[in-house]
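Architecture at a glance
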Amino acid sequence: MGEVRAGDAISNLIQELHKLPGVGPKSAQRLTYHLLRASEQDVARLAEAILSLRQRTKLCSVCCNVTDSDPCPVCQNLQRDRTKICIVEQPQDIVAIEHTGIYKGLYHVLHGAISPTEGVGSDNIRIKELMVRLQENAVEEIILATNTNLEGEQTAMYLNRIIAPLEIKVTRLARGLPFGTELEYADDVTLTRALEERQKF
Ligand SMILES: [Zn+2]
């Protein structure tokens, strides 16, 4: 075991940052040298924030959103309309929908979408948890807000099929969202219209 040389620490961090989405080699290098110049206190705060992200967050036992309290603040909030559940693929989709301010129901996070080509089946995402919820609660509307790409559409169709026997109204975000849209990146106006004009699936 040799000592870790300064050059190794730098290239090590560059490599780790480069693994993050949207961070190219140039950005990884720039961030690394920025941190080298930053105060020790700032760097410690960043490292602590990254560590506690994994240590303190868990999945809400009701909606499967990431949270540091269980149930999450949305599931705990008695002002929310408990008869509606909006189904999304990823936690960040909730952030996008909440940002529009027009949706007052609950959520369910699937943590993925059905994709036979990538070997993701219905058992690999949080569908079982959803079905338990639907059986135990008086839900009147399910809003399918999966992405408008192939995987998102397949997932919406599958859910529609298995929810049908429960006689719950199933709606899908309106077609205002262009095909291939990831909800997370949709703008507020488009997303608001898609929610308001949601149609029976
Ligand atoms: Zn929750």
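Scroll up for the structure.
Reading the values: rules and limits
Starting afresh in each chain, residues are numbered from 1 along the sequence in its written order. It should be noted that, the model being predicted, local features are given only for residues of pLDDT at least 70 and side-chain atom pairs only at 80 or more, the latter also being counted only at that level, while totals for whole chains, interfaces and linings use all residues. Side-chain measures were taken over the full set of non-hydrogen atoms in the model, leaving aside hydrogen atoms and water. Strands here are runs of E lasting at least two residues and helices are runs of H or I lasting at least four, both read from the DSSP assignment and numbered beginning at the N terminus. Burial classes: relative accessible area under 20% of the type maximum marks a residue as buried, over 50% as exposed, and values in between as partly exposed (1.4 Å probe, protein chains only). The contact criterion used is simple: two residues touch if any of their non-hydrogen atoms lie within 4.5 Å. Here the accessible surface of atoms and residues is derived via Shrake-Rupley with a 1.4 Å probe, and residues count as covered only by protein chains that are part of the display. Under the convention used here, Asp and Glu are negative, Lys and Arg are positive, and both His and the chain ends fall outside the count. To locate a charge, take NZ of a lysine, CZ of an arginine, CG of an aspartate or CD of a glutamate. Atoms are scored as donors when they are N, O or S and lie within 2.8 Å of the metal, with 3.2 Å used for Na, K and Ca; no water is included, so coordination may look incomplete. Buried Ala, Val, Leu, Ile, Met, Phe, Trp, Tyr and Cys residues form a nonpolar core when they are joined through side-chain atoms within 4.5 Å. Two strands are said to pair when DSSP picks up at least two bridges between them. Structural elements are reduced to axes, namely lines fitted to C-alpha atoms, with helices fitted over the stretch in contact, and the angle between N-to-C directions of any two is expressed from 0 to 180 degrees. Convention used here: a crossover is right-handed provided that the path from the first strand, over the helix, to the second strand proceeds clockwise when the strands point away from the viewer.

1. A short note on the overall build of the protein chain
- Across its full length, the protein chain holds eight helices and seven strands.
- Projected onto the principal axes, the alpha-carbon positions of the protein chain cover approximately 65 × 35 × 35 Å.
- Every one of the 201 residues in the protein chain was classed for burial, and the buried ones make up 37%.
- Of all intrachain contacts in the protein chain linking residues separated by at least 6 positions in sequence, the fraction that spans at least 24 positions is 56%.
- Split by element, the accessible area of the protein chain, about 12400 Å² in all, is 53% carbon and sulfur.
- Within the protein chain, one finds 23 positive and 27 negative side-chain charges whose respective centroids are separated by 1 Å.

2. Here we look at the coordination of the zinc ion
- Distances from the zinc ion to its protein donors, namely C60 (SG), C63 (SG), C72 (SG) and C75 (SG), fall within the range 2.3 Å.
- The sequence pattern formed by the donor residues of the zinc ion is C-x2-C-x8-C-x2-C. With C63 in the loop between strand 1 (58-59) and strand 2 (66-67) and C75 in helix 4 (residues 73-76), the pair connects residues that are 12 residues apart, well separated along the chain. Here C63 and C75 have matching classes, each one buried.

3. Observations regarding the nonpolar core
- Ranked by internal contacts, the top residues of the largest apolar core, which has 40 residues, are I97, L134, I142 and I163.
- Each residue touching I97, except ones within four places of it in the same chain, is listed here: C86, V88, Y103, Y107, A145, L183, L191 and L195.
- I10, I14, L17 and V23 belong to the second largest nonpolar core, which has five residues in total.

4. A few points about the sheet that holds strand 3 (residues 81-88)
- An order of 4-3-5-6-7 is seen for the five strands of this open sheet, with the pairing classed as mixed. In the strand order of this sheet, the two ends are held by strand 4 (105-109) and strand 7 (199-200), each with one partner.
- With four bridges joining them, strand 5 (residues 141-144) and strand 6 (residues 169-172) adopt parallel strand pairing. Bridge assignment links I143 to a residue of strand 6, and that residue is T171.
- Together, strand 3, strand 4 and strand 5 form the strand contacts of helix 6 (residues 127-136), whose direction differs from that of strand 4 by roughly 150 degrees.
- Packing of helix 7 (residues 150-163) onto the sheet brings it into contact with strand 3, strand 5 and strand 6, and relative to strand 6 it is tilted by some 170 degrees.

5. Some remarks on helix 5 (residues 91-100)
- For helix 5, the full list of buried residues reads P91, D93, I94, A96, I97 and T100.
- Looking at the buried residues of helix 5, the elements they touch are strand 2, strand 3, strand 4 and helix 8 (188-196).
- In the stretch just after helix 5, G101 is the one whose phi turns positive, near 75 degrees.

6. Focus: the pairing of strand 3
- In this structure, strand 3 lies alongside strand 4, joined through five bridges in parallel fashion. By the bridge assignment, I85 is partnered in strand 4 with L106.
- With respect to chirality, the unit in which strand 3 leads through helix 5 into the neighbouring parallel strand 4 is right-handed.
- As paired strands, strand 3 and strand 5 are joined by four bridges and run parallel to one another. Paired with I85 across the bridge in strand 5 is I142.

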